[in-house]
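Residue-level listing of the chains:
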Amino acid sequence: MSARAVPLFAANWKMYKSPPEARAFLEAFLPACPPRPDRRILVFPSAVSLEAVAGGVAERTDIAAGVQDVHEEAEGAHTGSVSAAMAAGAGATWALAGHSERRREFGDDDGRVVRKVGRILEAGLRPLVCVGETLAEREAGQLEQVLVRQVGAVLGAVGPAAAAGLTWAYEPVWAIGTGRTASPSDAAGAHGIVRGVLADSLGADAAGAVAILYGGSVKPANIAELMAADGVDGVLVGGASLDPAAFAAICSVTLPPR
Ligand code: PGA
């Protein structure tokens, strides 16, 4: 077996925090969360706060900034949109793709997510691709089918070399912003499905080394049990990442032996 991925703790700030608010967050968060060799932190601010975050964490090699979304075209007449290359120029080294709020509110279907992942890779950013089922899909017994479709669409498009460099977040839509967290065994089951799809295309060793994060109502009170769940390599945190003390507590969890 190849080594497991280094655990990742990611903050998705969604449509919160202006540049001054982002700087104030870092002033409180950075001293509360000193660097540790066994984990990495990612912060996904809004695009307008990217430079503030990237500049603010420049001295911290354990923390990187990422963009929450990019346009599926490299550039063009797309008022209000941000390209992957522009995000890179503002200091992003990571990019989310396929977040369920983009899928639901902006019509990002699998085809568009695939194109966005292509732009993200072209710009030299690392994609964090989000997948997950809605409550209706889960209740209809379609968990596996949905994950296989969402993960398979991206893997089929990027090819094996790039596929090994992707990072994933399993985020059950019914657990996002609802206070309802997947149980550790729900998370382990879904992560096993995602890893199985990865193994079919990359082989078991390479799939074992890919980071799959869990997201959906992660907070200081449940981080330890989620990080102990089988196949969970980190977390993508929305609401609880807005508070520096809460996110520092999440990032400081004692990790189970790996
Ligand atoms: P939440 O959001 O932690 O507020 O549930 C997670 C996410 O949407 O990435």
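Residues numbered from 1 in each chain as written. Predicted model: local features only at pLDDT ≥ 70, side-chain atom pairs only at ≥ 80, totals over all residues. Heavy atoms only, no water.

**Points about helix α8 (residues 184-202)**
1) Next: When the terminal C-alpha atoms of α8 are compared, their 26 Å separation across 19 residues agrees well with the 27 Å that a helix rising 1.5 Å per residue should span.
2) Next: A187, A190, H191, I193, V194, R195, V197, L198 and L202 are the residues of α8 that are buried.
3) Next: Among the structural elements, β5 (126-131), α7 (143-163), β6 (167-170), α9 (204-208) and β7 (212-215) are those in contact with the buried residues of α8.
4) Next: At the exit of α8 stands G203, carrying a positive phi of roughly 90°. (Helix = DSSP H or I, 4+ residues; strand = E, 2+ residues; numbered from the N terminus. Expected span 1.5 Å × (residues − 1). Buried < 20%, exposed > 50% of the residue type's maximum accessible area, 1.4 Å probe, protein only. Contact = heavy atoms within 4.5 Å.)

**Looking at the site of the ligand**
1) Next: The local shell around the ligand holds 13 residues, among which K14, H99, E171, G177 and S217 are the closest.
2) Next: Within the side chain of H99, a nitrogen or oxygen atom sits 2.7 Å from an oxygen atom of the ligand.
3) Next: Out of a free accessible area of 280 Å², the ligand has 95% covered by protein chains. (Near = heavy atom within 4 Å. Polar contact = N/O pair within 3.5 Å; in protein donor to acceptor, adjacent residues only side chain to side chain. Areas by Shrake-Rupley, 256 points an atom, 1.4 Å probe, with all protein chains shown as cover.)

**Focus on the state of the cysteines**
1) Next: Enumeration over the complete set of coordinates arrives at 0 disulfides.
2) Next: Here C33 is not disulfide-linked; the sulfur of C251 is the nearest cysteine sulfur, at 4.6 Å.
3) Next: Judged by its relative accessible area of 3%, C33 is buried.
4) Next: Assessed through its relative accessible area of 1%, C251 is described here as buried. (Disulfide = S-S within 2.5 Å.)

**Notes on the packing of helix α1 (residues 19-32) against helix α11 (residues 244-251)**
1) Next: Between α1 and α11, the least distance of the axes is 9 Å, while the angle of their chain directions is 30°. Regarding the angle of α1 to α11, the classification is roughly parallel. The interaxial crossing formed by α1 with α11 has right-handed handedness. In this structure, α1 uses F25, A28, F29 and A32 to contact α11, whose residues at the interface are P244, F247, A248 and C251.
2) Next: Looking at the contact of α1 with α11 residue by residue, the classes come out as 8 nonpolar, no polar and no charged. (Axes fitted to C-alpha atoms, helices over the stretch in contact; angles between N-to-C directions. Parallel < 35°, antiparallel > 145°, perpendicular 65-115°, else oblique. Left-handed = near helix turned anticlockwise from the far one by under 90°. Nonpolar A, V, L, I, M, F, W, Y, C, P; charged D, E, K, R; others polar.)

**Re the packing of aromatic side chains**
1) Next: Under the counting rule described, the total for this entry stands at 4 aromatic pairs.
2) Next: Ring geometry for W13 and F25: centres 4.8 Å apart, planes at 70°, overall edge-to-face. With W13 in the loop between β1 (8-12) and α1 and F25 in helix α1, the pair connects residues that are 12 residues apart, well separated along the chain. In this structure, W13 and F25 share a single accessibility class: buried.
3) Next: Each ring, one from F29 and one from F247, has its centre 5.3 Å from the other, and the planes form 25°; the classification is stacked. Linking F29 in helix α1 with F247 in helix α11, this pair joins segments that are 218 residues apart in sequence. The residues F29 and F247 share a single accessibility class, namely buried.
4) Next: Taken together, the ring pairs in this structure connect W13, F25, F29 and F247 into an aromatic cluster. (Phe/Tyr/Trp six-rings, centres within 6.5 Å; stacked < 30°, edge-to-face > 60°.)

**Quick notes on the sheet that holds strand β8 (residues 234-237)**
1) Next: An order of β1-β2-β3-β4-β5-β6-β7-β8 is seen for the 8 strands of this closed barrel, with the pairing classed as parallel. Direction aside, the axes of adjacent strands within the sheet are offset by 25° on average.
2) Next: Of the strand pairs in this sheet, β1 and strand β2 (residues 40-44) are connected by 5 bridges, and their pairing is parallel. By the bridge assignment, F9 is partnered in β2 with I41.
3) Next: α7 rests against β5 and β6 of the sheet, and its axis sits at about 160° to β6.
4) Next: Relative to the sheet, α8 contacts β5, β6 and β7, its axis offset from that of β7 by approximately 145°. (Pairing = 2+ DSSP bridges.)

**Structural notes on unusual backbone geometry**
1) Next: Even without being glycine, K14 reaches a positive phi, approximately 50°.
2) Next: Assignment of secondary structure puts K14 in the loop between β1 and α1.
3) Next: For K17, which is not a glycine, the phi torsion comes out positive at approximately 80°.

**Some words on the packing of helix α5 (residues 110-122) against α7**
1) Next: For the pair α5 and α7, the least separation of the axes is 9 Å and the interaxial angle reads 30°. The angle between α5 and α7 places the two elements in the roughly parallel class. Crossing hand, α5 versus α7: right-handed. Judged by residue contacts, D110, V113, V114, V117 and L121 of α5 engage R149, Q150, A153, V154, A157, V158 and A162 from α7.
2) Next: Its residues placed into classes, the contact of α5 with α7 shows 9 nonpolar, 1 polar and 2 charged.

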